[in-house]
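Residue-level structure breakdown
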Amino acid sequence: MFLSIRDIFTSISPVKKLLFWLATLGVLQADDPQWFRYPAISPDGSTIVFTHGGDLYTVPSAGGRALPLTQHVARDYAPIWSPDGTTIAFASNRHGNYDIYTISVSGGDATRLTFHSGDDIPSAFTPDGKAIVFSATRQDPVASLDIPNRRMGELYQIPTNGGRVSQIFGIPAEQVSFSPNGKQFLYHDRKGYEDEWRKHHQSSVTRDVWLFDREKLSHRKITRFTGEDRNPVWLDDQQFLYLSEQSGSFNIWQSGIAENAPPKQITKLDKHPVRFLSRSTHGKLAFSYHGSLHLMDSLDAKPRKLDITL
């Protein structure tokens, strides 16, 4: 008597069914992997680190085979590169909340740096590579008029070899990007509680890009669009790139830090938002679009989807 596949499948144990579906899912992921998120391109432009399925992977910036950098039951995300390209910092909830860890780009054990009960999300190494800047909700300054809220945090830094955390300022600031000369940094603000993944939102609480002068200790608002402007990345000491919904969907835009500098649209992708913009020292751009990684060799180049296998 011959049994059909259906008869065989219904006769096996639940554990074997689960193993069958997991194996099937693994094949599908290998053939057509999706949902590559939080890409960050290395300073030299050769490698991209990204998050997939809660782990970090590295892949050549030309595409190809992606190798796991972390493998853990927790979620690892928001990777950033050290200026010398040897170390990656990231957030992981291995102990319940998100703490900051570092790991060598060649792999190995991750080192935990923060131990607070709240979430710590890194956004940049300092230009000298000696500290990591991160956003967290820990303690408002004594002079702050804000009502403490877990969604409206502050900006901190911690030495890359561990140690005492110090507060930079109490303003909710995210996605910090240091200028090439190190004298300033850009960030996007957080004015309200609106979900960061909401699209086409226009109101008084949408994000804007701000400039912080590290010598004068002053803040200046740069972007003026009534919708979302976020994720700034420097081009040089006067020009920067950022993501904006000014054209309808998130695309890459260019502007300057001078007063009333006119914005210029760089990419014209539609239907889906451009997310997680990063730039190498020599001008390569990496970002996520519709679940896939894309690369631009320069501002004038056409974005191309990277073919990646896991």
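Here the residue numbers are simple positions, counted from 1 along each chain's written sequence. In view of the model being predicted, local features appear only for residues whose pLDDT reaches at least 70, and side-chain atom pairs are presented and counted only at 80 or more, with totals across whole chains, interfaces and linings using the full set of residues. Hydrogens are left out, water is left out, and the side-chain values use all remaining heavy atoms of the structure.

**Notes on the sheet that holds strand 6 (residues 76-81)**
Applied cut-off: Strand pairing is assigned whenever DSSP detects at least two bridges linking the two strands. Secondary structure elements follow DSSP: runs of H or I no shorter than four residues count as helices, runs of E no shorter than two count as strands, and numbering proceeds from the N terminus.
If you trace the four strands from one edge of the open sheet to the other, you get 6-7-8-9, paired in antiparallel fashion. The sheet is open, and its two edges are formed by strand 6 and strand 9 (111-112), each paired on a single side. Bridge count for strand 8 (residues 97-104) against strand 9 is two bridges, and the pairing is antiparallel. Within strand 9, the position partnered with Tyr101 by the bridge is Arg112.

**Some words on the pairing of strand 24 (residues 292-296)**
Selection rule: Burial status follows relative accessibility: with a 1.4 Å probe on protein chains alone, a residue under 20% of its type maximum counts as buried, one over 50% as exposed, and anything between as partly exposed.
The buried count for strand 24 comes to five of five residues, which makes it a mostly enclosed element. Side-chain alternation along strand 24 places Ser292, His294 and Met296 on one buried face and Leu293 and Leu295 on a second face that is also buried. Relative to strand 24, strand 23 (residues 285-289) runs antiparallel, the two being bridged by five bridges. Following the sheet pairing, Ser288 is matched in strand 24 by Leu293. Linking strand 23 to strand 24, which pair antiparallel, is a turn of two residues; within it His290 sits at a positive phi near 55 degrees.

**As for the side chain of Ser42**
How we decide: We call two N or O atoms a polar contact when they sit within 3.5 Å, provided that within protein one can donate a hydrogen and the other can accept it, with sequence-adjacent residues counted only if both atoms are side-chain atoms. What makes two residues a contact is simply this: any of their non-hydrogen atoms within 4.5 Å.
Mapped onto the elements of the fold, Ser42 is located in the loop between strand 1 (37-41) and strand 2 (47-52). A relative accessible area of 2% places Ser42 in the buried class. Reaching out from Ser42, the side chain makes a polar contact with the side chain of Asp44 at a distance of 2.7 Å. Polar side-chain contacts of Ser42 include one of 3.2 Å to the backbone nitrogen of Ser46. Once residues within four sequence positions are removed from consideration, Ser42 is found in contact with Thr47, Trp81 and Ser280.

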